[in-house]
Every structure is written in C-alpha cells, then in structure tokens.
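Spelled out, the chains give:
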Amino acid sequence: MLTTYTLLSYVIAVLMWTLIGRGVLRLLIPGDPMKNPVYRLFTWALWPVLAPLRATIGRVVPHSHLGWYAFIILLALRIGLYMLFYSQGWLVLPANAPL
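Our subject in this report is the structure included herewith. (Residues numbered from 1 in each chain as written. Predicted model: local features only at pLDDT ≥ 70, side-chain atom pairs only at ≥ 80, totals over all residues. Heavy atoms only, no water.)

Let us look at the overall build of the protein. Looking only at helices and strands, the protein has four helices and zero strands in total. Along the protein, helices (α) and strands (β) appear in the sequence α-α-α-α when read from the amino end. At 17 Å, the protein has a C-alpha radius of gyration far larger than the 13 Å of a compact globule built from 99 residues. Across the 99 residues of the protein, 27% fall into the buried class. In the protein, the share of contacts with a sequence separation of at least 24, taken over all contacts with a separation of at least 6, comes to 55%. (Helix = DSSP H or I, 4+ residues; strand = E, 2+ residues; numbered from the N terminus. Rg over C-alpha atoms; globule rule 2.2 N^0.38 Å. Buried < 20%, exposed > 50% of the residue type's maximum accessible area, 1.4 Å probe, protein only. Contact = heavy atoms within 4.5 Å.)

Structure below.
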C-alpha cells in the first residue's frame, strides 16, 4: 500500500507544482500567455483539475481565482490521502526510521 500512496501523492504533487508553474508563467509572460508552448502544456496537464472546478464553482468565483481554489483542493486532497492511509494502517513506516 505504500507504493499506492506514493504514486497518488506524487501525482497530486506534480499537479500542484504544475499549477504553481502556470501561475508564475502567467506573471512573467507579457501579453497572451497561450502563445507560449510551456504555458499551453501546463494548461493541458491541469485540465482534469480545472475543468470540474469551472463547472461547479465557476459561476460564483472569478476565473482568475480558480487556480487558488484548485491549489487548496489539491493540498486538502494530499493531506486527506495521508490521513486516510495512516489511519487505516496502510502507511507503515520503517521501525528504525530516524525522527
């Protein structure tokens, strides 16, 4: 189960860092950021996160704030994943692990 937790945690972490990178690129690129291929790649990679957010809270929250909400949801998902695996006993740490 440690491998499952590690893979899921890495996927969420990659999405979080991609979201941060997209935000930084948005600040650094003058004009239309969609002309930048890296920004388009980040936007494509974040589609599974941002599309449901736009569909659910997109009418209430301004479009420019969806990235913040996505980051908070991904962070809560990562913390919740750790809490679930730890509480079920699926996340077993080595006995001789240094604290």
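So, about the nonpolar core. The biggest cluster of nonpolar side chains holds 16 residues, and the ones touching the most others in it are Ala-70 and Leu-74. Secondary-structure elements contributing two or more residues to this core are α1 (2-28), α3 (47-57) and α4 (66-87). Each residue touching Ala-70, except ones within four places of it in the same chain, is listed here: Leu-19, Val-49, Leu-50 and Leu-53. (Core = buried A, V, L, I, M, F, W, Y, C linked by side-chain atoms within 4.5 Å.)

On to α4. Over its 22 residues, α4 runs 31 Å from end to end, which matches the ideal 32 Å to within 8%, given 1.5 Å per residue. Restricting attention to buried positions, one finds in α4 the residues Leu-66, Ala-70, Leu-74, Leu-81 and Phe-85. Around the axis of α4, the buried residues are gathered within 75° of arc, so they sit on the same side. In α4, the exposed positions angled more than 90 degrees off the buried face are occupied by Trp-68, Ile-72, Met-83 and Ser-87. If you follow the buried residues of α4, they end up packed against α1 and α3. (Expected span 1.5 Å × (residues − 1). Arc of directions from axis to C-beta.)

It is worth spelling out the side chain of Asn-36 at this point. Note on placement: Asn-36 falls in the loop between α1 and α2 (37-45). Reaching out from Asn-36, the side chain makes a polar contact with the backbone nitrogen of Val-38 at a distance of 2.9 Å. Filtering out sequence-adjacent residues up to four positions away, Asn-36 remains in contact with Leu-25 and Ile-29. (Polar contact = N/O pair within 3.5 Å; in protein donor to acceptor, adjacent residues only side chain to side chain.)

Now for the side chain of Arg-22. Secondary-structure assignment places Arg-22 in helix α1. The charged side chain of Arg-22 is buried without a salt bridge, its nearest counter-charge being Asp-32 at 9.8 Å. For Arg-22, the contacting residues outside a window of four places in its chain are Tyr-39, Phe-42, Thr-43, Leu-46 and Leu-50. (Lys, Arg positive; Asp, Glu negative; His and termini not counted. Salt bridge = Lys/Arg side-chain N within 4 Å of Asp/Glu carboxyl O.)

Another aspect to go through is a nonpolar patch on the surface. On the surface, Trp-17, Ile-20, Val-24, Leu-27 and Leu-28 cluster together to form a nonpolar patch covering roughly 590 Å² of accessible area. Looking at the element boundaries, Val-24 is found in helix α1. (Patch = residues over 30% accessible without salt bridge, like charges linked within 9 Å, V, L, I, M, F, W, Y side chains within 5 Å. Areas by Shrake-Rupley, 256 points an atom, 1.4 Å probe, with all protein chains shown as cover.)

Below, the discussion takes up the packing of α1 against α4. α4 packs onto α1 with a crossing angle of 165° between their chain directions and a minimal axis gap of 10 Å. The angle between α1 and α4 places the two elements in the roughly antiparallel class. In the crossing of α1 with α4, the sense of the turn from one axis to the other is left-handed. Taking contact as the criterion, the partners of Thr-4, Tyr-5, Leu-8, Ser-9, Ile-12, Ala-13, Leu-15, Met-16, Leu-19 and Ile-20 in α1 are, on α4, Gly-67, Ala-70, Phe-71, Leu-74, Leu-75, Leu-77, Arg-78, Leu-81, Tyr-82 and Phe-85. Grouping the constituent residues of the contact of α1 with α4 by class yields 16 nonpolar, three polar and one charged. (Axes fitted to C-alpha atoms, helices over the stretch in contact; angles between N-to-C directions. Parallel < 35°, antiparallel > 145°, perpendicular 65-115°, else oblique. Left-handed = near helix turned anticlockwise from the far one by under 90°. Nonpolar A, V, L, I, M, F, W, Y, C, P; charged D, E, K, R; others polar.)

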